[in-house]
Amino acid sequence: MSEKLSADSRCEQTGDEKQDTQEKEAVVPERAEEAKLKAKYPNLGQKPGGSDFLMKRLQKGQKYFDSGDYNMAKAKMKNKQLPTTGPDNNLVTGDHIPTPQDLPPRKSSLVTSKLAGCIWPALFPPIDLPCNQEDYSTPADGIRLIT
Amino acid sequence: MAGVAGGGGGGGGNDFQWCFSQVKGAIDEDVAEADIISTVEFNYSGDLLATGDKGGRVVIFQREQENKSRPHSRGEYNVYSTFQSHEPEFDYLKSLEIEEKINKIRWLPQQNAAHFLLSTNDKTIKLWKISERDKRAEGYNLKDEDGRLRDPFRITSLRVPILKPMDLMVEASPRRIFANAHTYHINSISVNSDHETYLSADDLRINLWHLEITDRSFNIVDIKPANMEELTEVITAAEFHPHHCNVFVYSSSKGTIRLCDMRSSALCDRHSKFFEEPEDPSSRSFFSEIISSISDVKFSHSGRYMMTRDYLSVKVWDLNMENRPVETYQVHEYLRSKLCSLYENDCIFDKFECCWNGSDSAIMTGSYNNFFRMFDRNTRRDITLEASRESSKPRAILKPRKVCTGGKRKKDEISVDSLDFNKKILHTAWHPTENIIAVAATNNLYIFQDKIN
């Protein structure tokens, strides 16, 4: 469906209708914003809601690399300089090699939420929950709260 | 000052005034990522209010019993229980970091003294039992009061332990862990009206679970194309019908909603109803599809309507009419002329939620600058309010806010360019029967109530 519509918008730019479109662009704020965006990023793809954007969404969380990918990429570019990660670290690796500086810092240790801590700050020491998921079938006790 | 009619019996038309009640959370300017609230949900009675945050923690507030000596203060919400629901994980096989952020919490209807809720992050759903203990057994034979084992040779007589009252203890324990069923990121969970099953939805698939069974789930919707290059839309939200246990809906990134009937086939890839508003092709732009993406879908309590939230508006649909919504409410239309910068700072991808009041006469959703909006479906009046520390005096009536779009800015109005896009209200909840609302503003939880008498 989106393909059909983008074809329509391309057709609009014939000679006679160009003036109409320009007027419309001024009237419709969205079109004016689109023109602004295209002026800033001329390489922006035709299908905004299409594959690239969705693939990026689906791959959220991919942080580290596969040693196979790494070696393949190195072999592919043995004569060229090894690329480093660009501003977007979330793309599937294979074409760029992350460095230790790109890896996110280790997460801080788990502490009690400030939503709960604001009233009785002293009674909420950090507590380790059993991490072993196989234990779930036995009634394991969670955090004890004394009111 | 006109407010928006709220829930309770009767129809709309009564104007209520929203007052500040409570605010939870730290005041400091430096907000830790883990403290950002990611979901808010009242339970079926409204006595419990649960929040989940990016740090994987759940905090449950309980409403205090109303105090006869203070008739002007409805029950306040105080901390009842808190626990670490999910922890950060790393999937070594896929080199995937799994966030501990709680995406959704859904309560189960109460069936006994304990309370149950489902909480989910991107990959794993957990059933938590929250129970109270106010009695303790004393007089064991084999151990002392402080737990030390007694020397069995010193025991000369048997005694029967007796139950003695103790200070109330609230315990949270994970009863079921529903894992490994989602390749993509879970965006929704919804408990069925049969109280036995629930669904979980990720970007491409929806699974049906039985609350007792953790090692299996049925896949009921699969929109993954054979060739991923052909991917054009993803599932953004899903919900079961409040009364018909065979009916559920799911929304997409293209602004469509599909209603499915599980009686028609095991795999509900073919919808029973398809809801889409026709688009004016001449107004289509680069942003059209992105801003039409539905971020939340909620059935009305009556089950007759459903509401969808896209980037700029909230739409109410009659389930009997698929070709267009019956009501459309503009949340922040002034942002249409800011789409370029909102795309650059990624705000255009923010996922706002929406909610109904108990009688379905009003709807609420969040916006930027810590503003939230309420629409009265009967009077068609709308109001913009702000969750801020400045208007946080007890029972202070909230003043309506206005965004100035034109040239001349009136006093007390705020111009579009002065809006703080980092202060977004994505999550709000309305008490099931009363005019009490919970609004999550980044790391703070605000509770507002209507003015009594």
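Residues numbered from 1 in each chain as written. Chains lettered and ligands numbered in written order. Predicted model: local features only at pLDDT ≥ 70, side-chain atom pairs only at ≥ 80, totals over all residues. Heavy atoms only, no water.

All right, on to the overall build of chain B then. Counting its regular elements, chain B contains two helices and 32 strands. Principal axes of the C-alpha set define a box for chain B whose edges measure 95 × 60 × 45 Å. When each of the 453 residues of chain B is scored for burial, the buried share is 56%. Residue pairs in contact within chain B that sit at least 24 positions apart in sequence constitute 55% of those at least 6 positions apart. About 20200 Å² of surface is accessible on chain B, with carbon and sulfur atoms providing 48% of the total. Across chain B, the mean location of the 59 positive side-chain charges is 4 Å away from that of the 67 negative side-chain charges. (Helix = DSSP H or I, 4+ residues; strand = E, 2+ residues; numbered from the N terminus. Buried < 20%, exposed > 50% of the residue type's maximum accessible area, 1.4 Å probe, protein only. Contact = heavy atoms within 4.5 Å. Areas by Shrake-Rupley, 256 points an atom, 1.4 Å probe, with all protein chains shown as cover. Lys, Arg positive; Asp, Glu negative; His and termini not counted. Charge placed at Lys NZ, Arg CZ, Asp CG, Glu CD.)

The subject of this paragraph is the sheet that holds strand β21 (residues 305-309) of chain B. All names here are of chain B. Spatially, four strands are ordered β20-β21-β22-β23 in an open sheet, and the strand pairing comes out antiparallel. Looking along the sheet, the strands with just one partner apiece sit at the ends: β20 (296-299) and β23 (327-330). Across this sheet, the average inter-strand angle for adjacent strands is 15 degrees, counted without regard to direction. In this sheet, strand β22 (residues 313-318) lies alongside β21 in antiparallel orientation, the contact comprising five bridges. Considered in β22, the bridge of T308 is made with K315. (Pairing = 2+ DSSP bridges. Axes fitted to C-alpha atoms, helices over the stretch in contact; angles between N-to-C directions.)

All names here are of chain B. Considering only enclosed or pocket space, the second largest pocket measures out at about 860 Å³ in volume. Forming the walls of the second largest pocket are 30 residues, and the residues nearest its centre are E41, Y44, E239, F299 and H301. Those elements giving two or more residues to the lining of the second largest pocket turn out to be β2 (37-42), β8 (104-107), β12 (188-191), β16 (235-240), β20, β24 (354-356) and β30 (427-430). Sorting elements by how many residues they give to the lining of the second largest pocket places β2 first, with four residues. Looking at the lining of the second largest pocket residue by residue, the classes come out as 14 nonpolar, ten polar and six charged. (1 Å grid on protein atoms, 1.4 Å probe; cavity = no way out; pocket = protein on both sides within 12 Å on 5 of 7 lines; lining within 4 Å. Points joined across faces, edges and corners; volume = space filled by probe spheres on them. Nonpolar A, V, L, I, M, F, W, Y, C, P; charged D, E, K, R; others polar.)

Going through the model one piece at a time under the given rule, you end up with two cavities of 30 Å³ or more. Its volume calculated, the second largest cavity comes out at about 40 Å³. Split by residue class, the lining of the second largest cavity holds two nonpolar, three polar and three charged.

Next up on the list: the sheet that holds strand β25 (residues 362-366) of chain B. Residue and element names in this part refer to chain B. Read from one edge of the open sheet, four strands run β24-β25-β26-β27, paired in antiparallel fashion. On the outer flanks of this sheet lie β24 and β27 (382-386), each paired with one strand and no other. On average, each strand axis in the sheet is tilted by 20 degrees relative to the strand beside it, whichever way the strands run. Where strand β26 (residues 371-376) lies against β27, five bridges are found, and the strand directions are antiparallel. By the bridge assignment for β27, F371 is matched with E386.

Right, let's talk about helix α3 (residues 29-40) of chain A for a bit. All names here are of chain A. Taking 1.5 Å as the rise per residue, α3 with twelve residues should run 16 Å; its terminal C-alpha atoms sit 17 Å apart, in good agreement. Buried within α3 are the following residues: E30, R31, E33, E34 and L37. Buried residues of α3 fall within an arc of 155 degrees about the axis and therefore sit on the same side. (Expected span 1.5 Å × (residues − 1). Arc of directions from axis to C-beta.)

Another point: the packing of aromatic side chains. Residues and elements named next belong to chain B. Considering all chains together, one arrives at 20 aromatic pairs over all chains under this definition. When the ring of Y329 is compared with that of F375, the centres are 4.9 Å apart and the planes differ by 35 degrees; the resulting orientation is tilted. Here the residue Y329 occupies a position in strand β23, and F375 occupies one in strand β26, the gap between them amounting to 46 residues. With respect to burial, Y329 and F375 carry one shared label: buried. (Phe/Tyr/Trp six-rings, centres within 6.5 Å; stacked < 30°, edge-to-face > 60°.)

All names here are of chain B. Counting residues in hydrophobic clusters, the biggest one holds 23 residues, and the most contacted among them are Y311, L335, L342, I348 and L419. Of all the elements in the fold, those that place two or more residues in this core are α1 (288-292) and α2 (339-344). F372, L398, W430 and I437 belong to the second-largest nonpolar core, a separate cluster that totals 18 residues. (Core = buried A, V, L, I, M, F, W, Y, C linked by side-chain atoms within 4.5 Å.)

Right, let's get into the confidence of the model for chain B. All names here are of chain B. Per-residue confidence for chain B averages 92 on the pLDDT scale, and 94% of its residues sit at or above 70. Below pLDDT 50 for its whole length, residues 5-14 participates in 26 contacts with residues either more than four positions away or in separate chains. Per the prediction output, this complex has pTM 0.81; the corresponding ipTM is 0.71. (pLDDT = per-residue confidence, 0-100.)

With that settled, consider unusual backbone geometry. Residue and element names in this part refer to chain B. Phi is positive for H195, which is not a glycine, with a value near 60 degrees. Position of H195 relative to the elements: it lies in the loop between β12 and β13 (197-201). Exposure remark for H195: the relative accessible area of 35% places this residue in the partly exposed category. Of note in this structure, R395 is not a glycine but carries a positive phi near 65 degrees. For R395, the location among the structural elements is in the loop between β27 and β28 (402-404).

Residues and elements named next belong to chain B. For A32, the location among the structural elements is in the loop between β1 (18-24) and β2. Take A32: its relative accessible area is 35%, and that puts it in the partly exposed class. Separated by 330 residues in the primary sequence, A32 and A362 have C-alpha atoms spaced 34 Å apart.

Below, the discussion takes up the environment of A387 of chain B. All names here are of chain B. Residue placement: A387 occurs in the loop between β27 and β28. Taking the C-alpha atoms as reference points, A387 and A441, separated by 54 residues in sequence, lie 7.0 Å from one another. Excluding its chain neighbours within four sequence positions, the residues that come into contact with A387 are N370, F372, I425, V439, A441, Y446 and F448.

A few words now on the state of the cysteines. Defined simply, a disulfide is a covalent bond joining two cysteines at their sulfur atoms. All names here are of chain B. Within this structure, the stated rule accounts for zero disulfides over all chains. Unpaired in terms of disulfides, C354 finds its nearest cysteine sulfur in C355, a separation of 7.2 Å. C355 sits in the buried class, given a relative accessible area of 8%. (Disulfide = S-S within 2.5 Å.)

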